[in-house]
Amino acid sequence: MKLVETKNAPAAIGPYSQGALSTGFIFTSGQLGINPETNEFAGDNITAQTEQAICNIAAILKALGSDLSCVVKTTCYLANIADFEQFNKVYEQFFTGRPARSCVQVAALPKGALVEIEAIAE
């Protein structure tokens with residue numbers, strides 16, 4: 001197993017890595033909409049945070065020689081399921097290959113985030 005740490009995505013805020021490569025698959029840790037340059041949320045709305053979370057996933061995949069087109073599964077957590085439609089509008093712009101996905105509302109996310117996304121890629 002190979003772990004990844006890239007400066008192009010926010011540093012882990014706990015005892016875990018940004019992602020791992022194992023048996024040909026990359027598993028990313030959940031990514032919030034935090035800009036790695038400022039360590040702040042990219043914005044205070046679901047659109048900005050979703051876009052940044054996906055960009056963070058892309059940076060982790062790139063560090064391991066992959067990209068968003070190789071994603072086979074995502075798990076998406078929303079602080080408010082009422083944001084589902086706006087979330088989907090951003091999501092579909094990046095995940096054009098339509099990977100398998102789970103999307104649920106959760107009681108709360110770290111740092112008060114509106115969205116968290118994790119991915120599995122080839």
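Above this note sits the structure.
Residues numbered from 1 in each chain as written. Predicted model: local features only at pLDDT ≥ 70, side-chain atom pairs only at ≥ 80, totals over all residues. Heavy atoms only, no water.

Caption draft 1: Representation of the sheet that holds strand β1 (residues 2–4) within the structure. Reading across the sheet, the six strands line up as β1-β2-β3-β8-β6-β7 and stay open at both edges, with mixed pairing between neighbours. Among the strands making up the open sheet, the edge pair consists of β1 and β7 (100–105). In this sheet, adjacent strand axes meet at a mean angle of 15° when their direction is disregarded. Where strand β2 (residues 19–22) lies against strand β3 (residues 25–28), four bridges are found, and the strand directions are antiparallel. Opposite L21, over in β3, you have I26 as the bridge partner. Running over the sheet, helix α1 (residues 46–63) touches β1, β2, β3, β6 (71–78) and β8 (115–121) and is turned about 30° from β8. This element, helix α2 (residues 84–94), spans β6, β7 and β8 of the sheet and lies at about 150° to β7. (Pairing = 2+ DSSP bridges. Helix = DSSP H or I, 4+ residues; strand = E, 2+ residues; numbered from the N terminus. Axes fitted to C-alpha atoms, helices over the stretch in contact; angles between N-to-C directions. Contact = heavy atoms within 4.5 Å.)

Caption draft 2: The arrangement of the nonpolar core in detail. I54, L61, L68, V71, F87 and I117 are the most contacted members of the largest nonpolar core, which totals 23 residues. Secondary structure elements with two or more residues in this core: α1, β6, α2 and β8. Top contributing element to this core by residue count: α1, with seven residues. Setting aside its immediate chain neighbours within four residues, V71 contacts L61, F95, P99, A119, I120 and A121. (Core = buried A, V, L, I, M, F, W, Y, C linked by side-chain atoms within 4.5 Å. Buried < 20%, exposed > 50% of the residue type's maximum accessible area, 1.4 Å probe, protein only.)

Caption draft 3: How the structure looks around a nonpolar patch on the surface. A grouping of F25, F27 and V72 is seen on the molecular surface, where their side chains present a nonpolar patch of about 230 Å² in accessible area. Inspection of the secondary structure puts V72 in strand β6. (Patch = residues over 30% accessible without salt bridge, like charges linked within 9 Å, V, L, I, M, F, W, Y side chains within 5 Å. Areas by Shrake-Rupley, 256 points an atom, 1.4 Å probe, with all protein chains shown as cover. Salt bridge = Lys/Arg side-chain N within 4 Å of Asp/Glu carboxyl O.)

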